[in-house]
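# Structural features, examined
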Amino acid sequence: MAFELPDLPFAKDALGDHMSSETLDYHHGKHHKAYVDKTNKAVEDDKHGIKGKKLSEVIKHAAEKGEQGLFNNSAQVWNHSFFWQCLAPEGSTKPSEKLNKMIADDFGSTEKLLDKLQEESAGHFASGWGWLILNNGKLEVTSLHDADSPVAHGMTPLFTVDVWEHAYYLDYQNARPDYLKSVLHNIVNWDFVSENLDGNGIARADQEG
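A few points on the structure. (Residues numbered from 1 in each chain as written. Predicted model: local features only at pLDDT ≥ 70, side-chain atom pairs only at ≥ 80, totals over all residues. Heavy atoms only, no water.)

## Re helix α1 (residues 21-45)
- Here α1 contains 25 residues, and its C-alpha end-to-end distance of 34 Å stays within 8% of the 36 Å for a straight helix at 1.5 Å per residue.
- Of all bends in α1, the biggest is about 30°, found at K33.
- Taken together, the buried positions of α1 are occupied by T23, L24, H27, H28, H32, Y35, V36, T39, N40, A42 and V43.
- On its buried face, α1 sits against α3 (68-85), β3 (156-162) and α6 (169-172).
- After α1 finishes, the residue D46 shows a positive phi value of roughly 55°. (Helix = DSSP H or I, 4+ residues; strand = E, 2+ residues; numbered from the N terminus. Expected span 1.5 Å × (residues − 1). Bend = angle between axes of the 7 residues up to and from the residue. Buried < 20%, exposed > 50% of the residue type's maximum accessible area, 1.4 Å probe, protein only. Contact = heavy atoms within 4.5 Å.)

## Focus on the nonpolar core
- Counting residues in hydrophobic clusters, the biggest one holds 62 residues, and the most contacted among them are M19, W78, L87, L132, L139, F159 and Y179.
- At eight residues, α3 tops the list of elements feeding residues into this core.
- Look past the residues within four positions of L132 in its chain and what remains in contact with it is F107, L113, L117, L139, E140, V141, T156, P157, L158, F159 and V193. (Core = buried A, V, L, I, M, F, W, Y, C linked by side-chain atoms within 4.5 Å.)

## Some words on unusual backbone geometry
- Located in the positive-phi region is A126, a residue other than glycine, with phi close to 65°.
- Considering the arrangement of structural elements, one finds A126 in the loop between α5 (110-122) and β1 (128-135).
- Despite not being glycine, D146 has its phi angle at roughly 55°, a positive value.

## A look at empty space enclosed by the protein
- What the rule picks out here adds up to one cavity of 30 Å³ or more.
- Estimates place the volume of the largest cavity at around 50 Å³.
- Lining the largest cavity we find L113, L114, L117, L132, F159, V188, W190 and V193.
- Taken together, the elements giving at least two residues each to the lining of the largest cavity come down to α5 and α8 (190-196). (1 Å grid on protein atoms, 1.4 Å probe; cavity = no way out; pocket = protein on both sides within 12 Å on 5 of 7 lines; lining within 4 Å. Points joined across faces, edges and corners; volume = space filled by probe spheres on them.)

## Quick word on the layout of surface pockets
- Taken as a whole, the largest pocket holds about 170 Å³ of empty space.
- As for the largest pocket, its lining consists of S56, K60, W78, P150, V151, G154, M155, P157, I202 and D206.
- When the residues that make up the lining of the largest pocket are grouped by side-chain class, the tally is six nonpolar, two polar and two charged. (Nonpolar A, V, L, I, M, F, W, Y, C, P; charged D, E, K, R; others polar.)

## Side note on the side chain of S56
- Tracing the sequence through the fold places S56 in helix α2 (residues 55-65).
- Setting aside residues no more than four positions away along its own chain, S56 makes contact with V151 and D206.

## Things to note about the sheet that holds β3
- In spatial order, the strands read β2-β1-β3; together these three strands make up an open sheet with antiparallel pairing. Because the sheet does not close on itself, it has two edges, and the strands there are β2 (138-145) and β3. Geometrically, the sheet is characterised by an average inter-axis angle of 25° between neighbouring strands, direction not taken into account.
- Relative to β2, β1 is paired through eight bridges, and the arrangement is antiparallel. Within β2, the position partnered with I133 by the bridge is E140. (Pairing = 2+ DSSP bridges. Axes fitted to C-alpha atoms, helices over the stretch in contact; angles between N-to-C directions.)

## With respect to the packing of aromatic side chains
- Applying the stated rule across the entire model yields eight aromatic pairs.
- With a centroid separation of 5.2 Å and 40° between ring planes, the pair formed by F83 and W84 is classed as tilted.
- W84 sits in the buried class, given a relative accessible area of 1%.
- The rings of W78, F82, F83, W84, W129, W131 and F192 are connected pair by pair, giving a single aromatic cluster.
- The ring of Y26 has K30 lying over it, and the distance from NZ or CZ to the ring centre is 5.8 Å. (Phe/Tyr/Trp six-rings, centres within 6.5 Å; stacked < 30°, edge-to-face > 60°. Lys NZ or Arg CZ within 6 Å of the ring centre and 35° of its normal.)

Okay, structure coming up:
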């Protein structure tokens with residue numbers, strides 16, 4: 001059973017000017033699909049002894065064995081599948097009461113959290129991902145380079161934003177801060193972030209191979 005390119009959880013035009021349907025055509029339909037195809041080829045060859053494993057297990061295997069090509073592609077499949085779930089049409093979701101309290105305790109306010117995430121992601125050198133994670137019961141903002149993923153480090157991911165240039169160039173050219181401001185302050189899927197506090201949403205990014 002091969003890994004599949006998951007459908008977007010919204011219509012391609014649902015994110016308005018924040019992320020265009022043209023960007024989603026390329027980002028989801030070409031970049032994400034290419035990672036899926038390359039992962040499937042590596043697994044099908046079965047040089048790694050991972051056929052039939054979950055995507056998260058493939059990532060951990062590749063990280064442990066230093067198999068960089070397999071790691072890059074499988075982690076990018078997971079990261080992108082998680083990323084699409086993190087987005088929602090503007091104004092359609094809001095943080096749960098539990099998440100609101102944690103945000104207030106750890107950052108002071110939602111705006112301060114988003115500002116911190118924007119600062120971290122805008123300042124991240126070259127390609128990678130900005131992350132909101134849960135660590136020992138506390139919310140933390142971090143970023144990881146290239147294809148690296150929380151799955152490989154035992155982190156609990158709550159939200160991510162893609163800062164690879166292909167995520168925003170068609171809409172924002174090289175203005176990464178403008179892209180981040182538009183996404184973070186308008187189309188965060190707070191329902192999904194709230195679910196991830198209890199680990200309920202994270203499984204949507206995993207697949208059986």
